[in-house]
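Examination of the molecular architecture
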Amino acid sequence: MSAGSAGSAAAPCRFAHYFVICGIDTETGLEPDQLAGRKGYQGVAAGTECENLEQSPLKRTFRSKVLARYPENVEYNPFDQDAVNMLCMPKGLSFRTQADPRDPQFHSFIITKEDGSRTYGFVHTFYEEVTSPHICSAMQTLYQMHNAAHDTHTSSSSSDTLYVSKALCLITPMPYMQACRSYLAQLHKAATVKTAPPLPLESYVYNILYEVPLPAPGRSLKFYAVYEAIVCQRPGLGELPLADFSLAEAFSLLGIENLVQVFTCTLLEMQILLYSQDYQRLMTVAEGITTLLFPFQWQHVYVPILPASLLHFLDAPVPYLMGLQSKDGSDRSKLELPQEANLCFVDIDNHSIELPEDFPQFPNKTEFIQELSDVLHSFAISANAGAPPHCPSGSPNTPSTPPKEKTGPFALLQLEDDGRNGNLIGEELATLELLQGNSTLERLQALTKRTGVTVAQIEALRDRIKSQPTAENESWTPSFEEELAHAKLNVQLREVFANRFTTMFADYDAFVIQSAPDLESWLTNREQMHNFDKASFLSDQPEPYLPFLSHFIETQMFATFIDNKIMSQWEEKEPLLRVFDARLKKSHLYNIRATSLRSSNYQRCSTLKETAQAVEQKLLRINHRAVRPHLLDMKIGQGKYEQGFFPKLQRDVLNTGPPLNKWPQRTATAQWFRSGTVCACVYGLDLCDVQRHVQDARGLGKNLRQPKLSDLSPAVIAQTNWKFVEGLLKECRMKTKRMLVEKMGREAVELGHGEANITGLEENTLIASLCDLLERIWSHGLQVKQGKSALWSHLLHYQAFEDKLEHIQSMPEIKTDVGRARAWIRLSLERKLLSQHLKQLLTRQALTRKLYKRYAFLRCEEEKEQFLFHLLSLNAVDYFCFTSVFTTIMIPYRVVIIPIKKLSNAMTTSNPWVCVSGELGDSGTMQIPKNVLEMTFDCQNLGRLTTVQLGHDNAGLLAKWLVDCVMVRNEITGHIYRFPCGRWLGKGVDDGSLERVLIGELVEPCAEEDCGRGCRTPPQLCSPSQTRRISGNYKPRFTQTPQIQEAIGEAVNCIIKHFHKPEKERGSLTVLLCGENGLVAALEQFFHHGFKSAWLFQKTVFVWDFVEKVVAYMVSADPQETTELLAMTWQSLCRYVNAINSTPRNIGKDGKFQLLVCLGARDHLMAEWLPLLVGSPVTPRMYEDAAPLRDHTTVGTLIGVLETLHDFPITLEASLVKGVNL
C-alpha cells in the first residue's frame, strides 16, 4: 500500500488529517518575503522591497517553507502546501535574540474551498535556536549592509544567540480548537523540558493522525497527548453544530453591544473587516460571529486571516468577512481601504467598530443585550468592552500554560498495555446499560440473586466497568474545569441567539413557495422562480422588526436557506435546516408562537439550563477512549531527543497508517454522495449533473465564494477579477429586474389589476441595495482612493452636474460623502435620469483611465453597456425615493398659472394668492404679484403634491379670473404637477367662488426635456383631467343610474383599500375624496342626475341650492312631528350647512357641497343625512320622477355602501376644512 493511499484510507473519520512543520529551510537560506513585509493597504501593493530593507534585519520578514508534512496526501482533503504555509506563518519567518521576548504563540486558521467545505488549521509557533552557520553568517552580512546604508555603528554581536520561528500545525476536518491547542502545547513542551518524554514524538504524532477517531455524533472522546488526557465532545444530530472557539473571549474583546452590531452587519451581508495584531483574535471573532448565524450560513468570501499576498482581495466588490493583521503602533487613519461605503470596520484591539450608514438595528436589541449580559454574568464574565479577555487556556497573545506533569512517572509497559489501550470501554458500558434497562433481564437477575445464582458475565462486566476510571472519580484538573465552563457558556450564548431566529422565523415555512413539480424543473428554472412570499411574510411581522427583516430577506444567506428548504422535498435535509425545523416543530407543539403572533414582546430563551446540563453530562461521561500512544516500529537512532529542538521525525513511519479502517463513517461526505445517488436514480439525472446543479442553485447570486490561496499567478488574479465583473453585472440585472417587476406590479394594483407584492419598506430596501451595488461597482479597481465614496469622488472630478451637486452639498442633513452619493442616486432615479447621468459620467474615458485600473468593471466596455441598459429599464416606473426620504430639506418650487383667455389675467384688478399643499405639509398662503403668471418660492419639502388653493380678494372693477390650470414644478426633482381648474373665480359668475381647491396629477415629462427617461406607467395619482363645469353649464359624465352606482361603489372601494395599506404608504386621501374619480364627484353625479331643467328655475341651479332648500324646510318644520332620533339628524345637517355657509372663505356652491361631503364622510354622517334629503318635500319639486334620488331601492343601496366607511378614521387635509368651525 502506498503512503498516500494508506494515509487516506480512514481520512473521513480521523481526528486529524495532517501534521505539518513550517520554518526555515537551511538548504535554501534566507529569502526575503516581500508580500509578508507589506504595510497597510493601498490598492494591490502597499509595501515595496525598499520598505523591508529600511528595517533592521531582525525586524524584516523572510520566506518560510513547509519542512515536513505527515502523511503526504489525504484523498478527501488534498494538501495545499502554499495555502498552509501562508496561513501557518502569515508574517513569514521572524528572528529574535536572547534579549527579545520569545513566548510561544497559538493561532488557528481556516481554508474554505470553492464548494464551501472547510478545513481547520491549528498552529503552535515557537522560537528555536539557529544552528546553521551560513544562516548566522547571512544575518551578520545583512546587519553590516544595513549599518553601511544608514551610517550607523550598531551591530549584531557575535555573542548573541539567534532564534528563528517554527510552527507546528494540525489540519483537522472539524474545529476542535481547545483540544488541538492543548495537544500542540504538550508536544512542544516535550521537546523543551529537560526530561525526555516517555515515548518518541513519532508515537504521539502517529496516534493523533491514525488512532484517534472523530467522536461520533452525540458522543464524547478521550485521547492522550504527551502529559495529559484531552476530552472533547461532538454535538448530536439534533443539537447545534460544533463550535469550539471561545464566545466569551469574543464578547470580552468587543463588548456585547459592539458584537451584536457586527453580528447584524454579518446578517445583512455587508463587508466586514476585522483588524488586530493577533491572529487568534481575528479567528476568535470571525468564527464566533459565523457560529452565531445558525440556522443561516455565511455565503460569501470568508478569510479570517488575510495573508499579505491576498491583500488585493480587499478590492473585491462583494460582501466579505476578512481579518487583517495590524502592525505594531499602526494608525487606523493611515489604513487606506479601497471601499468603505458599506464597510463594517472592527478594531478588535481597541474595542471599537465603525458601522455603515443607514444601518437597521437588530430587533429587540436592548432586551437581547440584557439577556446576553445575564448569561455572561452568571459565569462571572464582564460584558463591557475593554475588559481583559477571558480565555480558559491562556491569553490570546500567549499559548496556554503547559499542563503540569502528573506525579509519578509513566511506565512504558503501562502505555503499551492493551488492557489500558483497548477501545471496548465505551461499548461495554453501553451494553451494560442496555442489559440493566431491560425489565425482563432485571427480573431474571433478581431471581438468580435470591436463589444464590449469579449471572457471571453480567457481574464480571459490572466489575470491569467499576474498575475503569471515569471522569467523575478521576481527579478534575483545572484545565478540564475551565474547558467544561467554556463549553457550557458557549452553548448557552448560542442558544440565546438561536432563540431569536426561532421567534422571528417561527412560521417561515408558511411563506415558502414550492411550485416546482420535481427537482429537475426546479433546478432548471431556479433563477426565474419566486421561492418566498416576502410581502406576506413582512405583513405578518411586528412593526419594529420590519427595518431589519426587510433587508435580511434580500440576502444571499436567506435565499440559500429557502433553497435548502425547497430542495429538502427531494433530498436529505441540510443539517442546519434539519435542526432548525426540529426546534420549530417543538415550539409549535408547546404553542410558543401562538400567543406572540405579530407581537414584538421579547421572549427569553427557556432552554439554557437544559442545554448546559446536556454538554456537562457528555463531557463527564466518556463514551470512547482512543488508543494510547505506543512504541512504533522505528529504525534505530530515529527519534533522538535534544532539548530545545523539535526533532526531525521519521517520514516512513508517519506516512503509513493502519491498513484497515475500523471506524464507521463519521462525516457527512459519504451520506451526501448517497443522497445524491438517490436523487439521480429517482429523477433520472446523472449524479455529476445533480451535484453541479445543486451547487449552482445554492450558489445563485454569489460572485466568488472563496479566493485561491495556492495559485497567485497573474492569470489567476485576472480570472478572479473577471469573476467579480461577471458577478456585478449579474447582480445588477437581478436587482433592476426585481425593482421593475415589483414596482410595476404595485402600480398595476392601483389601476385595478392583480394584487400588490411590494411594500414601501421593501421598495426602500431595494433602492438602498441598488445604492450599495453602485458604490461597489465604482470602488472596483480604483487606482487611488479619494474619500469614502468612490462614486461621489468621481462625480466631483467630472464637474458636469454642478446644479444638482450643489443642492445635495447644501443639504445640512447629509454630512458624509457616502450619504451625498446615495442622495444623488435617489435623486437621479426619481428624475428618471440615473442611466443617462452615469452614461454621461463614463463618457470621459481619459478620466476613467486615470481613476481606474484596467481590470475595473467600469473599463469593461461590453459589461458597462449592459449595466447602463439595465439601469435604463428603471425609467419605466415612478420612484419618489428622494422626496420620501429627505423630508426636511428646503426645496425651491415654481408656480405657473395658465388662464383660459389670453388676456383674462391682465384684466384682473384683484389681488390673487396661492397655497400649495403636499403629503408632508403646505406652503402657507402666498400673494401673487398682479398681472404675473409665474412665481417661485422656497419651502420645506412638501412631499408629493396633492392640492393647490387658488383665489383672490375680489378687489377692483374687473375681479373675474378664468383659470385653465395651475402648474407647479419641484426644481430639484423636476417633477411637474398639473392642477386642472377650468372655472371662473369671481362674484356673479359660475358658482360665485373666489377660491378653489384644485387636485393635482403628476405630468409625464416631454421628450425634449428628458429624452433619456424612456417610457413610464400611468400616473399613480388619479386626479381631475377634465373640467366638470364651465360658466355654470354642468356636463354629466354618466347618463345612466347603474353607471353612477358603479362610480360611487368604486370610489368607496378605493377609500377602503387606502386604509388597508400600511400607514406610511397610503398617500393622499384627498385625491380619493375630491379627485376626478373620487367620492365627491360620484355623489355630485348622483344628485345631478334627474335634476329638472334649469329653465324651470329661470337660473343655473347647483346641488348646494337643493341642500339649502332642504335645510330651510327643516328649520321651518314643526319639531313635534318628528322623532327624537330624526330630530338629532336634522340638527346635525343644519349645523354643518350653517357652519359651511358662515365660513369666511368664498369657496362657491360647488366648493361648499364638496366640503359637506368631506365632513360627512369624516364624521360618518352621510348615510344618516341621505334619508332626510330623500324624504324632504323639496325633492319632488326639484327632481324628476326617474331621478335616482327618488328611487328608494337605489337610495337604500347607496346608504349601505356609504356605511362601509364608518369603520375607518378619515382625516381631511387642512386645505379642505380651513375656516370651518366644527
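Numbers given to residues run from 1 along each chain, matching the order in which its sequence is written. Predicted model: local features are reported for residues with pLDDT of at least 70 only, side-chain atom pairs are reported and counted for 80 or more only, and whole-chain, interface and lining totals are derived from all residues. Excluded from the side-chain calculations are hydrogens and water; all other atoms, namely the structure's heavy atoms, are used.

- An unreviewed UniProt entry lists the protein under the name DENN domain-containing protein 5B-like, with Gouania willdenowi given as the organism.
- UniProt positions are given in the numbering used here, feature names are shortened, and annotations may be inferred rather than shown by experiment. The UniProt entry for the protein carries the following text under Subcellular location (unreviewed entry): "Membrane".
- Check the Sequence similarities (unreviewed entry) section of the UniProt entry for the protein; it says "Belongs to the RAB6IP1 family."

Observations concerning the packing of helix α8 (residues 256–267) against helix α10 (residues 365–378)
- Running from N to C, α8 and α10 point in directions that differ by 125 degrees, and their axes come no closer than 10 Å. The orientation of α8 with respect to α10, classified from their angle, is oblique. Between α8 and α10 the crossing geometry is right-handed. In this structure, α8 contributes Ile-256, Glu-257, Val-260 and Gln-261 to the contact, and α10 contributes Lys-365, Phe-368, Ile-369, Leu-372, Ser-373 and Leu-376.
- Under the scheme applied here, ten amino acids are nonpolar (Ala, Val, Leu, Ile, Met, Phe, Trp, Tyr, Cys and Pro), four are charged (Asp, Glu, Lys and Arg), and all others, including Gly, are polar. Broken down by class, the residue content of the contact of α8 with α10 amounts to six nonpolar, two polar and two charged. For helices, the axis comes from a line fit to the C-alpha atoms of the stretch in contact; other axes are also lines fit to C-alpha atoms, and the angle between any two N-to-C directions lies between 0 and 180 degrees. Secondary structure elements follow DSSP: runs of H or I of four or more residues count as helices, runs of E of two or more count as strands, with numbering from the N terminus. The cut-offs work like this: below 35 degrees is roughly parallel, past 145 is roughly antiparallel, 65 to 115 is roughly perpendicular, and the gaps in between are oblique. Here a crossing is taken to be left-handed if its near helix is turned anticlockwise relative to the far helix by less than a right angle, and right-handed if that turn runs clockwise. Only heavy atoms enter the contact rule, under which two residues are in contact if any of them lie within 4.5 Å.

A look at unusual backbone geometry
- Cis rather than trans, the peptide bond between Tyr-70 and Pro-71 has omega equal to -10 degrees.
- Along the chain, Pro-71 turns up in the loop between β2 (65–70) and α3 (81–88).
- Located in the positive-phi region is Asn-364, a residue other than glycine, with phi close to 55 degrees.
- Residue placement: Asn-364 occurs in the loop between β13 (352–354) and α10.
- Backbone geometry at Ala-380 places phi at a positive 60 degrees, although glycine is not the residue there.
- Counting through the fold element by element, Ala-380 comes out in the loop between α10 and α11 (412–416).

So, the side chain of Glu-863
- For Glu-863, the location among the structural elements is in helix α33 (residues 861–872).
- Relative accessibility under 20% of the residue-type maximum defines a buried residue, over 50% an exposed one, and the middle range a partly exposed one, all with a 1.4 Å probe and only protein chains included. Residues counted as positive are Lys and Arg, residues counted as negative are Asp and Glu, and His and the chain ends are not counted. Every case where a carboxyl oxygen of Asp or Glu lies within 4 Å of a side-chain nitrogen of Lys or Arg is listed as a salt bridge. No salt bridge is formed by the buried Glu-863. Its closest oppositely charged neighbour is Arg-854, at 8.3 Å.
- If near-sequence neighbours (up to four positions away) are discounted, Glu-863 is found in contact with Trp-722, Val-725, Leu-729 and Phe-857.

Examining the pattern of salt bridges
- In this structure the tally under the stated criterion is 31 salt bridges.
- Between Lys-618 and Glu-239 there is a salt bridge, with its nearest N and O atoms 2.7 Å apart. Residue Lys-618 is found in helix α22 (residues 608–620), and its partner Glu-239 is found in the loop between β8 (229–233) and α7 (247–254); the two are separated by 379 residues along the sequence.
- We note a salt bridge from Arg-583 to Glu-495, for which the minimum N-O separation is 2.6 Å. With a gap of 88 residues between them, Arg-583 in helix α21 (residues 575–589) and Glu-495 in helix α16 (residues 478–504) connect regions that are remote in the sequence.
- In this structure Glu-495 comes out as buried when scored by relative accessible area, which is 3%.
- Connected via shared salt-bridge partners are Glu-731, Lys-735, Asp-772 and Arg-776.

Some points on the pairing of strand β5 (residues 118–129)
- Within β5, 10 of the 12 residues are buried, which leaves it mostly tucked inside the rest of the structure.
- Both strand β4 (residues 105–112) and β5 contribute to a ladder of eight bridges, which runs antiparallel. Its bridge partner being in β5, Gln-105 is matched across the sheet by Thr-125.
- Between β4 and β5, which follow one another and run antiparallel, lie five residues, and Gly-116 among them has a positive phi close to 95 degrees.
- Relative to strand β6 (residues 162–172), β5 is paired through 10 bridges, and the arrangement is antiparallel. Bridge pairing links Tyr-120 to Thr-172 in β6. Here, strands pair whenever DSSP counts at least two bridges between them.

Some remarks on the environment of Val-1103
- Within the fold, Val-1103 resides in helix α37 (residues 1103–1116).
- Residues Val-1103 and Phe-1087, spaced 16 residues apart in sequence, show a C-alpha to C-alpha distance of 6.7 Å.
- Other than its neighbours up to four places away in sequence, Val-1103 contacts Phe-1087, His-1088, Phe-1091 and Phe-1153.

What about the sheet that holds strand β11 (residues 320–325)?
- The sheet built from five strands is open, its strands ordered β10-β11-β9-β12-β13 with mixed pairing. A strand with exactly one partner marks an edge of an open sheet, and here the two such strands are β10 (301–303) and β13. Pairwise comparison of adjacent strand axes, ignoring direction, gives a mean angle of 20 degrees for this sheet.
- Of the strands in this sheet, β9 (271–276), β11, β12 (343–347) and β13 touch α8, which is tilted by about 35 degrees from β13.

A closer look at the confidence of the model for the protein
- Averaged over all residues, the pLDDT of the protein equals 77, while 75% of them reach at least 70.
- Per-element confidence in the protein is highest for α8, whose mean pLDDT is 94, and lowest for α11, whose mean pLDDT is 34.
- Values of pLDDT, ranging from 0 to 100, describe the predictor's confidence in every residue of the model. Below pLDDT 50 for its whole length, residues 1–9 participates in 18 contacts with residues either more than four positions away or in separate chains.
- Note on residues 37–51: pLDDT under 50 across the span, and 32 contacts to partners over four residues away in sequence or across chains.

Some thoughts on the packing of helix α20 (residues 556–567) against α21
- It is the contact of α20 with α21, at a shortest axis distance of 10 Å, that shows an interaxial angle of 80 degrees. Between α20 and α21, the crossing angle belongs to the class labelled roughly perpendicular. In this structure, α20 contributes Phe-561, Asn-564 and Lys-565 to the contact, and α21 contributes Leu-577, Phe-580 and Asp-581.
- For the contact of α20 with α21, the per-class residue count stands at three nonpolar, one polar and two charged.

Notes on the nonpolar core
- Definition used in this section: a nonpolar core is a set of buried Ala, Val, Leu, Ile, Met, Phe, Trp, Tyr and Cys residues joined via side-chain atoms within 4.5 Å. Judged by nonpolar contacts, the single largest core of 163 residues is most densely connected at Phe-15, Phe-19, Phe-95, Tyr-183, Phe-223, Phe-505 and Phe-646.
- For this core, the element with the highest residue contribution is helix α5 (residues 177–192), accounting for eight residues.
- Not counting the four nearest positions on each side in its chain, Phe-223 is found in contact with Phe-15, Ala-179, Tyr-183, Ile-208, Val-212, Ala-229, Ile-230, Cys-232 and Ala-626.

Here we look at the pairing of strand β20 (residues 945–952)
- The buried count for β20 comes to eight of eight residues, which makes it a mostly enclosed element.
- As paired strands, strand β16 (residues 912–918) and β20 are joined by seven bridges and run antiparallel to one another. When the bridges of β20 are listed, Cys-915 appears paired with Gln-949.
- Sheet topology places β20 next to strand β23 (residues 995–999); five bridges connect them, and they run antiparallel. Opposite Val-948, over in β23, you have Leu-998 as the bridge partner.

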